[in-house]
Amino acid sequence: MMEGLELVLLLFGLLVIAALYASVGHGGASGYLALLSLSTLASMDPVWLKQHAWTLNLVVAAIAFWHYHREGFHLPRLTIPFIVTSIPFALLGGYLAVGGSVYDLLLSLTLLWAAWRLWGGSSTDSADDVTPPDTKAAAPVGGAIGLVSGLIGVGGGIFLTPILLLKRWATPKQAAATSALFIWVNSLAGLSGSFASNGMQLELELLIPFLAAVLLGGFIGSRYGSAVTPESRVRRLLVLVLIIAATKRLFEIVI
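Structure report, in brief.

1. Remarks on the overall build of the chain
Regarding its fold elements, the chain presents 10 helices and zero strands. Every one of the 255 residues in the chain was classed for burial, and the buried ones make up 56%. Here the chain displays about 10,600 Å² of accessible surface, and carbon together with sulfur accounts for 69% of that area.

Below, the structure written as structure tokens:
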């Protein structure tokens, strides 16, 4: 059990990450993984890290989806095709054991790719300028994201949201609503696959305070993103989220 100043700082970091990620409909797993890697918990098995990140994701993504859905930004016809194909592949990815340098490389490339694509691309903030994809276009995207998400221990929002925006399939807030539900489903599938393969490695003594921190952060962030800030600012927040998530891993690659 962590004690003292490190635990306090870690809980505060989790709260901030949850608030920032939830503001754009994300669960925060990539941020949690980066933060945990800066603590004494960095030496834990990748499976342990993934299971805890997915569990925190379930709480924050649920809160984010509730807020964005309540504000009328969820479009079922946009969300369903991605989710249907992602579930079995997220289960498979969570079942497979990926660790060591392979795990670190996959996570690093994931965060870097997501930040770079949205930073250098364009999107639209008007609902009149977006067209939801048909099933043929959405299904393979959902499956691919589900598999990679299961492998590296995230919910997939860092992949899906940039794609939705860059393809002009959704506005930032519509993308946030879809990504929140997508993340929740993939996190549950990945966690289930991991349990089936490796057993439950969750530590309740740590998990309970972690959950309390992200619960508060997720509520504040998703309320702000869904009801207060305009579409354009949600998009800018998303860019910030992805850059923060990528910076630490990119630094490790360079060094």
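Following the structure, the description resumes.
2. Focus: the environment of Gly157
Along the chain, Gly157 falls in helix α7 (residues 157-166). Sequence separation of Gly157 and Val24 is 133 residues, and the distance between their C-alpha atoms is 9.4 Å. Excluding anything up to four places from it in sequence, Gly157 contacts His26, Pro162 and Ile183.

3. Focus: the packing of helix α6 (residues 135-152) against α7
Orientation of α6 relative to α7, taken along the N-to-C sense of each, is 155°, at an axis distance of 9 Å. Looking at the two axes, α6 sits roughly antiparallel to α7. Contact residues: α6 offers Val141, Ile145, Val148 and Ser149, while α7 offers Phe159, Leu160 and Ile163. For the contact of α6 with α7, the class distribution of residues is six nonpolar, one polar and no charged.

About the cut-offs
Residues numbered from 1 in each chain as written. Predicted model: local features only at pLDDT ≥ 70, side-chain atom pairs only at ≥ 80, totals over all residues. Heavy atoms only, no water. Helix = DSSP H or I, 4+ residues; strand = E, 2+ residues; numbered from the N terminus. Buried < 20%, exposed > 50% of the residue type's maximum accessible area, 1.4 Å probe, protein only. Areas by Shrake-Rupley, 256 points an atom, 1.4 Å probe, with all protein chains shown as cover. Contact = heavy atoms within 4.5 Å. Axes fitted to C-alpha atoms, helices over the stretch in contact; angles between N-to-C directions. Parallel < 35°, antiparallel > 145°, perpendicular 65-115°, else oblique. Nonpolar A, V, L, I, M, F, W, Y, C, P; charged D, E, K, R; others polar.

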